[in-house]
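Listed here are the chains, written in short residue letters.
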Amino acid sequence: MNKQFVTGDLVYVPQDVLLWGATGSAKTDKPTTAVVLDELSDTLVIFVYGRRMNANKRHVYPYTQEKE
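Residues numbered from 1 in each chain as written. Predicted model: local features only at pLDDT ≥ 70, side-chain atom pairs only at ≥ 80, totals over all residues. Heavy atoms only, no water.

**Remarks on unusual backbone geometry**
Right, on to step 1. The phi torsion at aspartate 16 lies on the positive side, around 70°, for a residue other than glycine.
Right, on to step 2. Positive phi values are uncommon outside glycine, yet tyrosine 49 reaches one of about 55°.
Right, on to step 3. Summarising the element assignment, tyrosine 49 is placed in the loop between β5 (43-48) and β6 (51-56). (Helix = DSSP H or I, 4+ residues; strand = E, 2+ residues; numbered from the N terminus.)

Have a look at this one:
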């Protein structure tokens, strides 16, 4: 597996992305950022909203700061 993300990377999670974890599932209600905890084959384990959640890698992007 060729890893795209590294633990500690900041990532962008768009609006309406399904997140799931031990406490249940939720969809993002607005674009947000998260921190990568682990990368699996099709899933990213991220820290978002103060919780450890999973997201499909197709819906999460490396964070790049907007240029002014």
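There's more to say after this.
**Things to note about the environment of leucine 44**
Right, on to step 1. Here leucine 44 lies in strand β5.
Right, on to step 2. In this structure the C-alpha to C-alpha distance between leucine 44 and threonine 32, which are 12 residues apart in sequence, comes to 15 Å.
Right, on to step 3. Leaving out residues up to four positions away in the same chain, leucine 44 has contacts with Phe5, Val36, Asp38, Glu39, Met53, Asn54, Ala55, Lys57 and Val60. (Contact = heavy atoms within 4.5 Å.)

**Examining the sheet that holds strand β1 (residues 10-13)**
Right, on to step 1. One open sheet holds the seven strands; their spatial order is β3-β2-β6-β5-β4-β1-β7, and the pairing between them is antiparallel. Here the strands that pair on one side only, and so sit at the sheet edges, are β3 (24-27) and β7 (61-62).
Right, on to step 2. Pairing between strand β2 (residues 18-21) and β6: two bridges, direction antiparallel. Looking at the pairing, tryptophan 20 lines up with asparagine 54 of β6. (Pairing = 2+ DSSP bridges.)

**Some remarks on the pattern of salt bridges**
Right, on to step 1. Applying the stated criterion to the full structure yields three salt bridges.
Right, on to step 2. Residues lysine 27 and aspartate 16 are paired through a salt bridge, measuring 3.8 Å at the closest nitrogen-oxygen approach. Separated by 11 residues along the polypeptide, lysine 27 in strand β3 and aspartate 16 in the loop between β1 and β2 bring together distant segments of the chain. (Salt bridge = Lys/Arg side-chain N within 4 Å of Asp/Glu carboxyl O.)

**Considerations on the environment of leucine 40**
Right, on to step 1. You can see leucine 40 is positioned in the loop between β4 (32-39) and β5.
Right, on to step 2. Given a relative accessible area of 39%, leucine 40 falls into the partly exposed group. (Buried < 20%, exposed > 50% of the residue type's maximum accessible area, 1.4 Å probe, protein only.)

**Re the nonpolar core**
Right, on to step 1. Ranked by size, the top nonpolar core spans 13 residues in total, and within it Val11, Leu19 and Ile46 carry the most contacts.
Right, on to step 2. Among the elements of the structure, β1, β4, β5 and β6 are those that each provide at least two residues to this core.
Right, on to step 3. Here this core takes three residues from β5, the largest share from any one element.
Right, on to step 4. The contacts of valine 11, once residues within four sequence positions are left out, are Phe5, Thr32, Thr33, Ala34, Val36, Ile46, Val60, Tyr61, Pro62 and Tyr63. (Core = buried A, V, L, I, M, F, W, Y, C linked by side-chain atoms within 4.5 Å.)

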